Amino acid sequence: MDEPVAILPGTLDLLILKAVSLGPQHGYGVLLRIQQISRGALAIEQGALYPALYRLEHQDLIAAEWGVSENNRRARFYTLTPAGQARLGEDLERWQRLVEAMATVLATRTAEVA
Amino acid sequence: MLARLRSFTRALLGRRDFEAGLDTELDFHLEARAADLARSGLAAEEARRRARLELGARETYREQCRQARGLRPVDELSADLRYAWRGLKGSPGFAAVAVSTLGLAMAANLACFTFFDAFVFRPLPIAAADRYVDLSLVDERGEFGDRFTAEEVEGLRSALTPAFEGLYGATFFQLPIFEPERRLVHGQAVSAGYLSLFAGKLAFGRGLLASEDAGQDTPAVLSDVGWRRLFHGDPAVLGRKLRLANTWFTVVGVMGPDFRGAEPITPELWIPIGAHRQLAGHRESPRYNLSGTLRPGAGRASAGELATAALASLGTRAGQLAGTAATGASEKLHVKVEPRRSWLEAGGRRGLAPLGAMLFAAFLLVLLIACANLASLHLARASARHREIATRLSLGSSRLRLVRQLLTESLVLSGLGAALGVALAFAGTGELQRRVFSLVTAAGLSVTPIALHWHVVAYAAALALTAGVAFGLLPALVATSPDLAAAARRDAPALGGGALGGRVRKQRLTGALIAAQVAGSLVLLTLAGLMIRTVREASRLDAGFDPARIVEVGFPEPTPAVAARLRQEPEIASLTSVMHIPLAGSMPRQAMRVDDASHNLRFNFVDDRYFETMRIGLEAGRGFWPEEAATRSPVVVVSAATARLLWPGTSALGRALEVTAEPGGDVIDPGRYEVVGVAADVVSGFFFQGHDTSVVYFPAAVGSPHVANLLVRPRTDTATLTQVLDGACQEIDPAVLCKPATLARWAEFQRLPFVAASTIAGALGLLALGLTAIGLHGLVAFAVVQRLRELGVRIALGASSAKVLSTVLSRALGSVLIGVAVGLPACWLLSRAAGRLFRVLAGFDALGLVGAPLLLLVIALVAALIPARRAMGADPVVSLRAD
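### Things to note about helix 1 (residues 2-13) of chain B
No. 1: Between its first and last C-alpha atoms helix 1 of chain B spans 16 Å; for 12 residues at 1.5 Å apiece the expected length is 16 Å, and the two agree.
No. 2: Of all the positions in helix 1 of chain B, only A3, S7 and A11 of chain B are classed as buried. When helix 1 of chain B is viewed along its axis, its buried side chains cluster within an angular range of 65° and face the same direction. Seen from the open side of helix 1 of chain B, the exposed residues pointing more than 90 degrees away from its buried face are L2 and L13 of chain B.
No. 3: Each element contacted by the buried residues of helix 1 of chain B is listed here: helix 3 (49-58) of chain A together with helix 2 (15-39) of chain B.

### Some words on the interface of chain B and chain A
No. 1: Listed as interface residues are 24 residues of chain B and, on the opposing side, 24 residues of chain A.
No. 2: Interface area, chain B with chain A, both sides summed: about 2300 Å², of which 57% is carbon and sulfur.
No. 3: Of all residues in chain B, E25, F28 and H29 of chain B bury the most surface against chain A, accounting for 29% of the area lost on that side.
No. 4: Linking chain B with chain A are two salt bridges, by the criterion used here.
No. 5: Notably, a salt bridge pairs R76 of chain A with E25 of chain B, separated by 3.6 Å at the nearest N-O pair.
No. 6: For the side of chain B that touches chain A, the secondary structure elements donating two or more residues are helix 1, helix 2, helix 3 (44-55) and helix 4 (58-68) of chain B.
No. 7: Looking at the side of chain B that touches chain A, the element that brings in the most residues is helix 2 of chain B, giving 12 residues.
No. 8: A class-by-class count of the residues in the side of chain B that touches chain A yields 11 nonpolar, five polar and eight charged.

### Considering the environment of R655 of chain B
Residues and elements named next belong to chain B.
No. 1: Position of R655 relative to the elements: it lies in the loop between helix 22 (640-646) and strand 21 (656-659).
No. 2: Residue R655 is classed as partly exposed on the basis of its relative accessible area, which comes to 31%.
No. 3: In this structure R655 touches W647, T650, Y673, E674 and V675, once residues within four positions along its chain are discounted.

Each value, and the rule that gives it
- Residues numbered from 1 in each chain as written.
- Chains lettered and ligands numbered in written order.
- Predicted model: local features only at pLDDT ≥ 70, side-chain atom pairs only at ≥ 80, totals over all residues.
- Heavy atoms only, no water.
- Helix = DSSP H or I, 4+ residues; strand = E, 2+ residues; numbered from the N terminus.
- Expected span 1.5 Å × (residues − 1).
- Buried < 20%, exposed > 50% of the residue type's maximum accessible area, 1.4 Å probe, protein only.
- Arc of directions from axis to C-beta.
- Contact = heavy atoms within 4.5 Å.
- Buried area = accessible area lost by both parts, 1.4 Å probe.
- Salt bridge = Lys/Arg side-chain N within 4 Å of Asp/Glu carboxyl O.
- Nonpolar A, V, L, I, M, F, W, Y, C, P; charged D, E, K, R; others polar.

Written as structure tokens, this is what we have:
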């Protein structure tokens, strides 16, 4: 397995929104889900997750509710709000455009410019 | 946005839940992570350690979570508040001085504001207060002409319904009441519906109805005060009878104690206008104020024109309205409609505004002194903390953050001061109102209590905020200025040097603040001195007769028969009739000609017994003969000052002065008058104006126009005489109640406003003086503590105690001297103005211009000397070790 790469600045929010959109999850679960889906390719500072979650909740993009975890502990479960759903759509689209543009630029060879 | 606000307030209000939840969540994370790590084969202890490591700096993330909710500024504020509170607790002396300084100044300002709020700012307690107006008859220059007769009130009430929702006549009166007790009563005659305009409900019964205005069984409504005074609060008062002058009234209602009318005084009872005009004891047809509520959209100017037209069609003032009255064009009257915004903000009383503004300014000056005082104390404190501030600055704290923290401290102080001020003002306002209105209450009127209002608290909050910033900002900015901080860092290990730029700047600022305080205090002290001098000089002045031995009979409209009947009383040594009662305000003036020169002279009508009754000596010539008084002969007696004015150096006897016909001047018959006597100078106007500069006495007897006052001199004493007069008046006319009183009462009435003014000015002056002394003391004390090291070195190097003392004192006293120099010209102008206004004050104001600065200097010296003495005791060893 390759060494995990640090995520780009500003993309944590998008990752969280995506992870939460797959189903209600507590903070640790969000972390696991991202690592699991990326097969461990993305490294996230664990503690940094929580300020991001609180920020998203403050912006009404996700909602939190106290529930019971699989091992019977009290945990906060996050779900996507309608506003969060909309934001996720917008951000995904923007991300897609960015990736395409970046890929095009980075794939350019000398001959093509001339 | 809304969601954020909700999330912020939830986090703020449920702060404990928020923190607990955050902890639970992070703990859960650690546990779950440790469990996963343990499953992958790590030992439990190691798994927990790894989990903690992977999570990272827990406190930082917690802080970031708080920040995500917008809680950071709140945390900073509460930290600032806690810090400020701890700092103040650490120096309780400073806190106590600051809070009480500010509290006293605030209390004075709040009390002043309470009065202004109640009398000037607060609208009348009426539903449509913005449309409530006063109507009055004015001449073409807009000066007050007349009020309205009862017929006019009724006529206008029905004629003006297109422009007014309601129109009401009202007037205050003082009349004898005989049942249920015998005395004078203060009442108000009003139109139907007037009472229900105002705040306050009927406690019993009903109000006055339109149909009863001139009925047979005349109704009366009692006020709460009247009900308690006249019927001792008897709940079965409805239907009881009372007799006012010659008329019986039936009590039909009682107003509750919460009644607030259009005036700051509450009468004891209300009666209909229709009944009032028929009561005995009126000298002429009674006049009424007219006020009412304009219809929405109706203009004041058009309402005034409508009213003028309506009045013209009533035909009562044909001459005056057309301007064709014999008195001339300046007498042409019209109806003016003016807004009535509050108790005092009525059409004819605008003149109070500048007086009020001056009063307000004097009170604010005290607050300013308190602020300057606190600013210099703060500055001193901040410089004592310069090392702390420098340390925090070098640790990366932003200047804004530090300024904010220092400001929080001063705002905490000003908040506490405001709280103290509000408490003092609330406690003292009732007593203050009783004192200020002692004149009114002495006359038997009851003053509507001033209800405290949220306005006052809002004003206090605004003052506290302004004051807090005013005395906190400058010191905070200076204390955190970068060059000062940098210098302080260098200064720390060095000895006494460094911090020069900052220190010099700070000293200049402190000096300026002290100087400003001194100048302000000086002005207030001078003002107080002027008022006190007025009272003293005025009461020291010999009136030229003994006011306590002359009794004013107070019989309404006396006839020659009344005078003749009273003269039969053996207790009456002498009786005279006059137009103007001496000391009851200024005498009127009239232009008189002497050899082509016109003089505006004061005059009075007196009968042949005047000089004898008053015991005013005649310096030349004679008094009037009885037949001269009876026929209003063309002779006069002039006062000695008048004789000197008109005929300097020669005898006035046999000279003549001429009274010409003049618009409005129909009091004295036109013609040539020969001087037959010269009377000694007396005070017959206001004491503060000194002896009369001119009086021309014209002969007249009781019964002739304008001569309606009887003065008597008792054979034994005034108390006996009062009883005799009381009985005699009753015998002459059972519907009349005389109100005998000595002229000393007028002297007292004259004195009271000055006593009140000098009390207020004196209190403010003393407060200012005290504040300045406290400020100076604190400042010198701080300077000494700060420079203890330097002083210790100086003493070690052989400086004498006197030298050290003078070093410490010179700077403080220099500022004081600058303050005196700045304040003195203002004081000089003040005393010049007062000298022109109150003639008894003419001349050099030694008390104000020499006494006040001297007093200030002495107090400043003492205030500075006490802490400065500590400097002399500076032990070089101790003070050097202090570092």
